[in-house]
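# Chains, contacts and geometry: an overview
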Amino acid sequence: MTAPLLKVDGLNAFYGRAQILFDVSLEVGRGEVVALMGRNGAGKSTTMKSIMGMMARREGTLHFNGADISALPPHRIARLGLGYVPEDRRVFTGLSVLENLDTGRQPARDGAPVWTPERLFRLFPNLGEMPRRLGGQMSGGEQQMLTVSRTLMGNPYLV
Ligand SMILES: Nc1ncnc2c1ncn2[C@@H]1O[C@H](COP(=O)(O)OP(=O)(O)O)[C@@H](O)[C@H]1O
Ligand SMILES: [Mg+2]
């Protein structure tokens, strides 16, 4: 038995005074795919934001790859190799596809796949056809591919 890659215990999250998450616990093992399902507004996105340190107020214990990330800001969590793909894409509209990819670049990690623009362009051929296109001049679907690719450029252990 190896320890889970991600372990969430007793997670509560709030928007202002409104509590959204109540005692959420979950685990993700190395190489495991976990889907979180629920009706609109159930708190799926809030769970992801909470794990990534993006909620102004949250409680609970979160461990990633052996590190306690409960009190870390998003950029510190990202540097530990936890990738996050924002549903609102957050593409830099004034930067090209290649420049957007560069913003996500992190060093290779032992035990995680190593991503390059060339490898991502094989996964997403549409992006490979527009490496110099500005982010603001791409369709929503193309931007979504770019957002996923930018996250993978961080060579994460888990997305
Ligand atoms: N920025 C916000 N401020 C206040 N309430 C929010 C905000 N974002 C989401 N909510 C509320 O939090 C609840 C959970 O939302 P969310 O996590 O986005 O749901 P899901 O992703 O499962 O559809 C909903 O009731 C939603 O209205
Ligand atoms: Mg959502």
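Residues numbered from 1 in each chain as written. Chains lettered and ligands numbered in written order. Predicted model: local features only at pLDDT ≥ 70, side-chain atom pairs only at ≥ 80, totals over all residues. Heavy atoms only, no water.

Attention shifts here to the overall build of the chain. Each helix and strand counted, the chain has six helices and four strands in total. Each helix (α) and strand (β) of the chain, taken in turn from the N terminus, gives the series β-β-α-β-β-α-α-α-α-α. Computed over the C-alpha atoms, the radius of gyration of the chain is 17 Å, within 12% of the 15 Å expected from 2.2 N^0.38 for a compact globule of 159 residues. Overall, the chain is about 45 × 35 × 25 Å in size when its C-alpha atoms are taken along their principal axes. Per-residue burial over the chain gives 38% buried out of 159 residues. Put simply, 63% of the contacts in the chain that link residues at least 6 apart link residues at least 24 apart. For the chain, the accessible surface area stands at approximately 9300 Å², while carbon and sulfur atoms represent 53% of it. Charge separation in the chain, taken as the distance between the mean sites of 19 positive and 14 negative side-chain charges, equals 4 Å. (Helix = DSSP H or I, 4+ residues; strand = E, 2+ residues; numbered from the N terminus. Rg over C-alpha atoms; globule rule 2.2 N^0.38 Å. Buried < 20%, exposed > 50% of the residue type's maximum accessible area, 1.4 Å probe, protein only. Contact = heavy atoms within 4.5 Å. Areas by Shrake-Rupley, 256 points an atom, 1.4 Å probe, with all protein chains shown as cover. Lys, Arg positive; Asp, Glu negative; His and termini not counted. Charge placed at Lys NZ, Arg CZ, Asp CG, Glu CD.)

What follows deals with the environment of I20. Summarising the element assignment, I20 is placed in strand β2 (residues 18-28). In sequence terms I20 and F121 are 101 residues apart; their C-alpha atoms lie 38 Å from each other. Ignoring sequence-local partners within four residues, the contact set of I20 consists of A13, F14, Y15, G43 and T46.

The residue E142 is located in helix α6 (residues 140-152) in this model. Within the buried set, E142 has no salt-bridge partner at all; the shortest N-O distance to an opposite charge, 4.4 Å, is to R133. Within the structure, E142 has its side chain in polar contact with the backbone nitrogen of S139 (distance 2.9 Å). Excluding anything up to four places from it in sequence, E142 contacts L127, M130 and R133. (Salt bridge = Lys/Arg side-chain N within 4 Å of Asp/Glu carboxyl O. Polar contact = N/O pair within 3.5 Å; in protein donor to acceptor, adjacent residues only side chain to side chain.)

In this section: the layout of surface pockets. The volume enclosed by the largest pocket comes to roughly 1500 Å³. Lining the largest pocket are 43 residues; nearest its centre among them are M52, G83, Y84, V85 and T151. Of all the secondary-structure elements, those providing two or more residues to the lining of the largest pocket are β2, α1 (44-51), α2 (74-79) and α6. No other element matches α1, which puts five residues into the lining of the largest pocket. Looking at the lining of the largest pocket, its residues break down into 24 nonpolar, ten polar and nine charged. Lining the lining of the largest pocket are residues from two domains, each supplying at least three of them: domain 1 (6-79) and domain 2 (97-152). (1 Å grid on protein atoms, 1.4 Å probe; cavity = no way out; pocket = protein on both sides within 12 Å on 5 of 7 lines; lining within 4 Å. Points joined across faces, edges and corners; volume = space filled by probe spheres on them. Nonpolar A, V, L, I, M, F, W, Y, C, P; charged D, E, K, R; others polar. Domains from an automatic or database assignment.)

Here we come to the site of ligand 1. Within the structure, ligand 1 sits among Y15, I20, R39, N40, G41, A42, G43, K44, S45 and T46. Residue A42 places a main-chain N or O atom 3.3 Å away from an oxygen atom belonging to ligand 1. Summarising the interface, the protein chains cover 55% of the accessible area of ligand 1, which totals 560 Å² for the free molecule. With three residues, the single largest contributor to the shell around ligand 1 is α1. Among the residues forming the shell around ligand 1, the class breakdown is three nonpolar, five polar and two charged. (Near = heavy atom within 4 Å.)

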